[in-house]
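# A closer look at the structure
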Amino acid sequence: MLMLPLLSPGDDKKSLKEAITFHASFDGKLEADHAAGDSSLYTLVAKKQEVGLKASEEHIFHEKGKGRFGDCLHFCSIKAPRVHFAAKDNVVFQEKSWQGTVSFWLRTSPDEDLDPGYTDPIQITPKSALDGCLFFEFGIEDPRPCRLGVFADKLSWNPEGKPNKEIALADRPLITAEGHPFSRDRWTHIVFTWEGFNQGDKEGVAKLYLDGKLRGELTNWPQEYTWNLDETKINLGVKYIGGLDEVSCFSRALAGGEVESLFGLEKGVGELLD
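Okay, so let's go over this structure.

About the cut-offs
- Residues numbered from 1 in each chain as written.
- Predicted model: local features only at pLDDT ≥ 70, side-chain atom pairs only at ≥ 80, totals over all residues.
- Heavy atoms only, no water.
- Pairing = 2+ DSSP bridges.
- Helix = DSSP H or I, 4+ residues; strand = E, 2+ residues; numbered from the N terminus.
- Axes fitted to C-alpha atoms, helices over the stretch in contact; angles between N-to-C directions.
- Salt bridge = Lys/Arg side-chain N within 4 Å of Asp/Glu carboxyl O.
- Buried < 20%, exposed > 50% of the residue type's maximum accessible area, 1.4 Å probe, protein only.
- Phe/Tyr/Trp six-rings, centres within 6.5 Å; stacked < 30°, edge-to-face > 60°.
- Lys NZ or Arg CZ within 6 Å of the ring centre and 35° of its normal.

The next point concerns the sheet that holds strand E3 (residues 41-45). Whenever strands of a sheet pair, they do so through backbone hydrogen bonds, lying parallel or antiparallel. The eight strands lie next to each other as E4-E3-E7-E16-E9-E10-E11-E12, forming an open sheet whose pairing is antiparallel. A strand with exactly one partner marks an edge of an open sheet, and here the two such strands are strand E4 (48-51) and strand E12 (174-177). Each strand axis lies, on average, 20° off the axis of its neighbour in the sheet, ignoring direction. When strand E10 (residues 133-138) meets strand E11 (residues 146-151), the two strands line up antiparallel, connected through six bridges. Each bridged residue has a counterpart across the sheet, and for Leu-134 the counterpart in E11 is Val-150.

Here is the structure:
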């Protein structure tokens, strides 16, 4: 039997560093610390994108020293204006055999802090949550669950064009974590990965991890995405209330051990970039 060598912690960090395409720590600044594309944070004001955080503190503020590591963004109201980073090059997109990873931290108590309705702390799409979108959400049930949405082009996963409310949860491309560790008093690490997308089959796989542990995976769905990269955004805090920190993107699907290593970094992703 061929014995594969075990990766040392140093090897693991090197492998993770080589895969980073985007990292926003929010420490001392709003723009990304590392970006293969545009590093600016944008706010949608009167349907126009403006650089920076153009919101009152009753809606969103840059919270000092209260993040998972250093500073963070804190969302206070579902009436907050949309904020985002550009996805182009920051999220590597491939028309064939596409893969990648997104990592971030949240601090919220879903049942106590969130207003009624769907809440998406992260959405990556040029269109909407139901059309060519990868998103992490808190659902509307009681108690409120958390899920990964893997909604490819709408015509591929919902060719009949049914309204979303008429489609049972089991018939939507979702990963639901049974139980979760979210709380006002602690930060929770969320990672989702995808691989084998845009291959014209149903072999693609998406996975959801919480605090370094695999909580579910999704396959046997058509995963065809036709993104207009100039319009694709990493939307943050859509109808979300709570803290958001350490948003990072990677050029490939991280393995389970790498996700666990990411969760265990003492100083966050920033220590990989030093």
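Scanning the entire structure with this criterion turns up 11 salt bridges. With a closest N to O distance of 3.7 Å, Glu-160 and Lys-162 form a salt bridge. Judged by its relative accessible area of 64%, Glu-160 is exposed. One salt bridge in this structure joins Lys-213 and Glu-260, with 3.3 Å as the shortest N-O distance.

Right, let's talk about the packing of aromatic side chains for a bit. Enumeration according to the criterion identifies 21 aromatic pairs in this entry. Relative to Phe-263, the ring of Trp-105 lies with its centre 5.9 Å away and its plane at 25°, an arrangement referred to as stacked. Taken together, the residues span a long stretch of sequence, with Trp-105 in strand E8 (residues 98-107) and Phe-263 in helix H4 (residues 256-263) at a distance of 158 residues. A relative accessible area of 3% means that Trp-105 is categorised as buried. On the basis of relative accessibility, which here comes to 28%, the residue Phe-263 falls in the partly exposed class. Sitting over the face of the ring of Trp-105, Arg-68 holds its NZ or CZ atom 4.7 Å from the ring centroid.

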